[in-house]
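Chains, contacts and geometry: an overview
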Amino acid sequence: MREFDYRRAADVPGAVALLGADPEARYLGGGTNLVDLMKSGVERPALLVDVRELPLDRIEVTADGGLRIGATVTNSDLAAHPEVRRRYPVLAQAVLAGASGQLRNMATVGGNLLQRTRCGYFTDLAAPCNKRAPGSGCAAVEGEHHNHAILGASAHCVAVHPSDMGVALAALDAVVSYETADGPGELPLEDFYLPVGDTPERETALPPGALITAVTLPPAPVAARSRYRKVRERASYAFAIGSIAAALDVRDGAVREVRLAFGAVASRPWRARAAERALTGGPASADAFAAAADAELAAAQALPHNGYKVTLTRNLVVAVLTELAEEAAR
Amino acid sequence: MTTTTGPARAIGAVGTAHTRIEGRDKVTGAARYAGEIPFADLAHGWLVVSTVARGRVVAVESEPVLALPGVLTVLHHGSAPRVDADYVGVLGRPDPIVGLFQSDRVPCAGWPVALVVAETSEQAREAAEALVVRYETEPHDIDFAAERSGTYTPEPRETMETDKGDLERELAASAVVVDARYTTPEEHHHPMEPHAATVRWDGGRLEVYDSNQGSKWVADELAKLFSLDPGSVRVRSEHIGGGFGSKGVRPHQVAAAMAATVLHRPVRVVLTRRQMFSLIGYRSPTAHRVRLGADADGRLRAFGHEAQNATSTVHEFVEASTGFGRVMYDADAHRTANRLVRLDVPTPTWMRAPGEAPGSFAVESALDELAERCGIDPIALRVRNEPTAGPVSGLPFAGRALLSCFEEGARRFGWAERDPRPGVRREGRWLLGTGTAAATFPAGARPSTAAVTAEADGTFTVRITAADIGTGARTALTLIAADALEVEPGRVRVRIGDSDFGPAMIAGGSTGTRSWAWAIMAAAAGLREQLALGGDIPPEGLTVRSDTSAAIAALPEKERHSYGAQFAEVAVDPASGEVRVRRMLGVFAAGRIVNPLTARGQFVGGMIWGISMALHEEAVRDRASGAHVGPDLAGYHFAAHADVPPIEAHWVDDPDVDDPVGIKGIGEIGIVGAAAAIANAVWHATGVRHRDLPIRPDRVLRAGPDGSRGA
Amino acid sequence: MTPSASSAITLNINGEKYTLPVDHRTTLLDALRERLDLTGTKKGCDQGQCGACTVLIDGRRAVSCLQLAVAAEGREITTIEGVADGDRLHPVQQAFLDLDGYQCGYCTPGQICSALAVIEEHAAGWPSAVTTDVRPEAGVPELTAEEIRERMSGNLCRCGAYVSIVEAVARAAEAAQGGSAGTEAAA
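Looking at an unreviewed UniProt entry, one finds chain C named 2Fe-2S iron-sulfur cluster-binding protein, with Streptomyces crystallinus as its source organism.

Per an unreviewed UniProt entry, chain B goes by the name Xanthine dehydrogenase family protein molybdopterin-binding subunit and belongs to Streptomyces crystallinus.

**Some thoughts on the environment of Gln67(C)**
Assignment of secondary structure puts Gln67(C) in the loop between strand S4 (60-63) and strand S5 (76-78). Accessibility expressed as a C-beta count within 10 Å gives 26 for Gln67(C), which makes it buried. When the C-alpha positions of Gln67(C) and Thr26(C) are compared, they lie 8.9 Å apart, and in sequence the two are 41 residues distant. Discounting chain neighbours no more than four positions away, the residues touching Gln67(C) are Gly31(A), Met106(A), Thr27(C), Leu28(C), Ile57(C), Ala62(C) and Ala72(C).

**A closer look at the packing of helix H2 (residues 91-98) of chain C against helix H3 (residues 108-123) of chain C**
All names here are of chain C. Running from N to C, H2 and H3 point in directions that differ by 130°, and their axes come no closer than 10 Å. Of the possible angle classes, the one that applies to H2 and H3 is oblique. Note that H2 runs across H3; the crossing there is right-handed. Contact with H2, carried on its side by Val 92, Gln 93 and Phe 96, involves Thr 108, Ile 112, Ala 115 and Leu 116 of H3 and no other residues of that element. Class assignment for the residues of the contact of H2 with H3 results in five nonpolar, two polar and no charged.

**Overview of unusual backbone geometry**
All names here are of chain B. A cis amide bond links Glu 155 with the next residue in sequence, Pro 156, at an omega value of -5°. With respect to the element layout, Pro 156 can be found in the loop between strand S6 (132-137) and helix H4 (157-160). Following Leu 693, the chain continues to Pro 694 via a peptide bond in cis, the omega torsion being -5°. Phi is positive for His 190, close to 45°, though the residue is something other than glycine. Looking at where His 190 falls in the secondary structure, it is placed in the loop between strand S8 (176-184) and strand S9 (196-202). Classification of His 190 by C-beta neighbours within 10 Å gives buried; the count is 25. One non-glycine residue, Glu 486, lies in positive phi territory at about 55°. On the secondary structure map, Glu 486 appears in the loop between helix H13 (473-485) and strand S20 (492-495).

Rules used throughout
- Residues numbered from 1 in each chain as written.
- Chains lettered and ligands numbered in written order.
- Predicted model: local features only at pLDDT ≥ 70, side-chain atom pairs only at ≥ 80, totals over all residues.
- Helix = DSSP H or I, 4+ residues; strand = E, 2+ residues; numbered from the N terminus.
- Buried ≥ 20, exposed ≤ 12 C-beta atoms within 10 Å, placed from the backbone.
- Contact = placed C-beta atoms within 7 Å.
- Axes fitted to C-alpha atoms, helices over the stretch in contact; angles between N-to-C directions.
- Parallel < 35°, antiparallel > 145°, perpendicular 65-115°, else oblique.
- Left-handed = near helix turned anticlockwise from the far one by under 90°.
- Nonpolar A, V, L, I, M, F, W, Y, C, P; charged D, E, K, R; others polar.

As structure tokens, this is what we get:
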């Protein structure tokens, strides 16, 4: 780890000013990913601007009945918040499915969105990795990739985004607010993450120096019946190999509204719009759920050792939507 | 809940639950481990390991690093002191990795190539990252596969291969044949405490505070390496944060000793978790072919087990997987063979139940397959094939309570109600199944010395170079000493983990507590004889020493082992591939149980290792680089709390009439057979045999729900 | 301001103030272990992947290996050394001792600090990943063995002392909260 300067920001404009346009500066939130990456040498900032004490730690009900979640709200506080649990149970479940109690106490909402992939080649400085060292190649395509992407990847990078929270946020049409020296801005979560293409090192559409200030959830009555299911290689404290955030509103056996997003299948939380379109207005049946999953996964491109994710994701869609439909029928 | 064996004692400390002697220190954080002993003027060493899998170091660019703040020295093959790794220690020749920085050769990725020492650990880490090492690379080969080119039978051949009868003929004559291949992956010890050593020269002696499984062992090896008189090395290791076979002489002590020598000040070297993947040994991947031939009633006519593991190009290590079948099952024809292949990888080493852990997975899975084909109960199959003498040795068993374990286990687990059909029990999204497997592990003893002192104040002090790596050995030895001295445990102080206490067995091979207890009992008996003569105890106390070499040599030659019956219930979600163990139960015959409280922990801990082996553990190497992918505890999984269901361990009487100690090691038997019991339960749940561990969700999904074979 | 790689900071640990200069790179874990001789907090992985370094920061559990010391200034830190009341063990410590909730002891301080927080978090009504219904209307979930296991999963134990650790946490939770804890779900 290289030597670095450390500054604590007192307010948002101050934080943005401290960071300035310095490409070697980073905002420090909970540090659960950044400090780890600094230890492994993947990140070598010259300046850390600590934003943990900024007044961005509140969760507020918005005028339209949604929620505005401050960027420094910890994962724990987010998952424990009564309004989150009441209105968006899928979000509380997703957050609780991630990491550990200790890490959730430290990790912030903003940092969670910005966390980097856990691809083993990304964190190994000796390995080729286009995301870490553009142009060096991707070792995973020919190497170990059983937990790599089946959707939206490119020959340059097949890494997956590790966030659970982000999967729920994708399903909930979350909007990310940020601040820059030139003023504030907003990005819907679906536009927040950039396509992989041939620039896997460019992960988000945030302008340089931008500080995430909040995530806003529009009202989503459909989320009253929602669920996050995560599959991993041990029962807890492990990253997903597949996950799904689902919300379902069924009336008289027909799907009125559905939200679906997948985790651990792409470089970003994957909103399953094709599946949603296939389901909306149709029957809430296992066959329809499977057909919808197939519609979404038709674009899947499996590598030799991650094809099981197509099966897994399809099975999760059917299982979770079936559960939600059965509960609705009760 | 439990019966214990052994003669009734006047005091009876042995056999009664006692909390740990050092328990208070452990729960308050007062217990100091090797990297936690404070030293003035301490410098911090950070190892640099190779990024190439085969080749030669052509340059270590020290100069820019030496200019960094706080950096004191950079040691590498061009600058390090000479050591001599060409020696034979008590456990044979050392892994050449301890001959640190003696050559420019790089035989594997992760090989130590330099040590950077600095005033602070932050400076040392940064300097180690900044150090440029240039290599000349050569093509490497890390592909492990059964019977691949280069596979050979190591020497001595007579211990690597056994052959009785005509295997092919008996297989041909069998009504039922199982011929199956099994694999286990590369597995790593990962004790929670990383290897750490703090070393300084003090009055002409090399003083080492180290985390190891035998401080006298490590002291002697360091003396040989540095060509020192054995008396001029002292190694102390009071608290050890787990070992599992990995904590012997390793690069960290050698590096710290070199740096302390060069810098004339104390130096600490702690391995990073990532470095532990390549510097401390590991369990090799294994490949097995098990061939069983039986009559229709399940009686074995043919038993064949060929096992293979990988070793490095610089050292041989045999994962002796076929030892299990040489003890467990007899047949008219019985053939076993351990084979090796040399690859460009680090040298593997002993890891909890070396040989028996993977060997039992293969053989006990095959037995379950045989039971299925014969249409008989898996326990009945084992009853039918219970041998009366060592299947290979022909020696009598000193005791073999395996069937008692199965009987007791079946009763407690509720085995009688089991429907043998696979894939028919469903609960929500889960398919349920149960499985069983047998376990055995050798019950050896090695010569040890101990000193017992009657102090003038009426207390007793025991000194023995034992190591408590979490087994509860110190507490057990206190109870043993108390009974041997016929005093309350509170009057006995057991001091361990100091090479100055003299030669003793290491904490390994499930022989530690048995060997140490023997020496303590002998010394205590001698002391009581002296005390019986009367007279005052001098101020320095009255000390009697023991050496069990002769007594152990005089033990009649027999098959001496512990045994166990493992039971597991699992739930498998065929849609997600998730496997959860719902409960486990083990019943063991493992001699006299000294401390039921800590013994339970040893058995259950081993069984939890079985869960990890069955479902989680697998280190992955990249073919292109030859290095590990994701070598950390997020990439290498072992069971977390949520993976561990209620687990019961029980024990049955296990007397051994001609053994004066009656204690057997219990650190390893718990893992033996545990993974097989789980895999057998997965078959029972789903109808799919998983012959390749771990049974990860992707493998369950690939195998499909319909009984088709997994890839 | 000129860039600086170190700062003089004051850390509040177990109710005592420690003033020391720190390299900004120094983690709270290394500050405790290497600078302040508070070695009860253990370094297992140094990557937030094992939980051995768990301490309480402002009453909440956190991994001290990913917490920079300089960023911990001004916060209340409790380490294992501050858990007992003088010579009297905390009920969680006593339960670990009595029920043999450890083996090698290296993960133990982290397990104990985590257990203290688990009991608090549960008392505060926090759901977990195994809580069937996370909605506040569903009330506080019972602290079953399954709940304890999930909530303690950030603390790895390679010796495999999990079964007795869960028993110890359950016993301590019962003492703290009254009623039952750690019951197994019906098979």
